[in-house]
Amino acid sequence: MLESLFADLNIRHEVNVPLAPYTWYGVGGPAQVLAHPASVQQLSTLAARCHENAIPVHVLGSGANLLVRDEGVPGVVVMFDAPQFRNADVTPGRVCAGAGYDLSRLVLQTAKAGLAGLECLAGIPASIGGAVRMNAGGIYGEIGQSIRRVQVMDATGQVYYRDRDDLVFSYRKTNIVARYILEVEFDLTEDDPDDLVKRVKEIFLYKKNSQPLAQNSAGCAFRNPLVNEERVSAGKLIDRAGLKGYRQGGAQVSTHHANFILADPGATAADVLAVLEHVEQVVLDRFGIQLEREVVVWP
């Protein structure tokens, strides 16, 4: 029935598609419909149709910060994998990238072009759209500080722009409420490309050595909580609670970095969720601090 709603739209789509291969965790159930709009116009038509019929919609980026429940995702999952959404323009006068463009690729491109501002994001796996939605960043900086303008689309398919002066970026959050981020324009400054590339490599190596990047995870599982007006390390709290190595089924707290929940081959999303919930409860009981998840759970 859901598929028939899109039969006249000429939008490439598939039914009952496993999402595990599209996420870094590699676990989880299928999407009821996985849609691949080829243009902004196709996406607008799809968005309007879903809105009119009260069909839930999720947008899938790189899947690096995502856990899909074993039951799967009802409704439509949209992928920005068409060329229109995966293009970028990197010149001294204009740096602009589609929502589906790879963040790491843009970081290196801008560094090599002698454009500073994004090198602080080295080693963060994300699509551009997902990075903006979460205001991706770390100890070296955040993506929000370098954004000039964002093109978005609301749930009804209307397209508009959000300019820098009405955008608010905070810790892992933005005030963008539109369902779809389409394109992002950056405000970067000229700098020495050799220095910038060196900086990118240094930051990437730091993350490679301090985080279990080679194992299946969604990056940091929890946001660093605000305690007495200061951010404290979620990883250190989890470590102090004695939870490094804690396991349920095929999922465990990393022994390398306590804010990473790992999924072994054969793990289920339920295993990962069980570990997340246990960590939350133990930290709350031990320190009176309610951890907030950074990993996004569908649905």
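The preceding data block contains the structure.
Summary of the structure given here. (Residues numbered from 1 in each chain as written. Predicted model: local features only at pLDDT ≥ 70, side-chain atom pairs only at ≥ 80, totals over all residues. Heavy atoms only, no water.)

### Here we look at the nonpolar core
If you look at soluble globular proteins, the nonpolar side chains tend to sit buried side by side. Of all hydrophobic cores here, the largest spans 35 residues; its most connected members are Leu103, Ile128, Val132, Ile143, Ile147 and Phe186. Put simply, the parts of the chain that give this core at least two residues each are strand 7 (94-98), helix 2 (103-112), strand 8 (115-116), helix 3 (128-133), strand 11 (147-153), strand 15 (180-186) and helix 4 (193-210). Core analysis: the next-biggest nonpolar cluster, separate from the first, contains 28 residues, Tyr25, Ala218, Ala234 and Leu243 among them. (Core = buried A, V, L, I, M, F, W, Y, C linked by side-chain atoms within 4.5 Å. Buried < 20%, exposed > 50% of the residue type's maximum accessible area, 1.4 Å probe, protein only. Helix = DSSP H or I, 4+ residues; strand = E, 2+ residues; numbered from the N terminus.)

### Quick word on the side chain of Glu294
Positionally, Glu294 belongs in the loop between helix 6 (269-287) and strand 22 (296-298). Relative accessible area serves as the criterion here: at 14%, Glu294 is assigned to the buried category.

### Re helix 6
Taking 1.5 Å per residue as the helical rise, helix 6 with its 19 residues ought to reach 27 Å, and the 27 Å between its terminal C-alpha atoms agrees with that figure. Among the residues making up helix 6, those that are buried are Ala269, Asp271, Val272, Leu273, Ala274, Val275, Leu276, Val279, Glu280 and Val283. On its buried face, helix 6 sits against strand 4 (66-68), helix 5 (234-240), strand 19 (247-248), strand 20 (251-253), strand 21 (261-263) and strand 22. Gly288 sits one or two residues past helix 6 and shows a positive phi near 70°. (Expected span 1.5 Å × (residues − 1). Contact = heavy atoms within 4.5 Å.)

### A short note on the packing of aromatic side chains
Pairs of aromatic rings are described using the distance from one ring centre to the other and the angle between the two planes. Throughout the structure, instances matching the rule amount to two aromatic pairs. For the pair Phe80 and Phe85, a centre-to-centre distance of 4.7 Å together with 40° between the ring planes defines the contact as tilted. Grouping residues by exposure puts Phe80 and Phe85 together as buried. Consider the rings of Tyr140 and Tyr206, whose centres lie 6.0 Å apart with planes at 90°: the pair is edge-to-face. One end of the pair, Tyr140, is in the loop between strand 9 (137-138) and strand 10 (141-142); the other, Tyr206, is in helix 4, and 66 residues separate them in sequence. (Phe/Tyr/Trp six-rings, centres within 6.5 Å; stacked < 30°, edge-to-face > 60°.)

### Some points on the pattern of salt bridges
The full count for this structure, using the stated rule, is 15 salt bridges. In this structure, the salt-bridge partner of Asp8 is Arg49, at a minimum N-O distance of 3.1 Å. Highlighted residues: Asp8 in the segment before strand 1 (12-18) and Arg49 in helix 1 (residues 40-52), separated in sequence by 41 residues. Since its relative accessible area comes to 56%, Asp8 is described here as exposed. The residue Arg149 makes a salt bridge to Glu185 at a minimum N-O spacing of 3.8 Å. Of this pair, Arg149 sits in strand 11 while Glu185 is found in strand 15, placing the two residues 36 residues apart along the sequence. Its relative accessible area of 28% is what places Arg149 among the partly exposed residues. Judged by relative accessible area, Glu185 falls into the buried class, the value being 12%. If you follow the salt bridges from partner to partner, you end up with Asp89, Arg94, Arg148, Arg149, Glu185 and Asp187 in one network. (Salt bridge = Lys/Arg side-chain N within 4 Å of Asp/Glu carboxyl O.)

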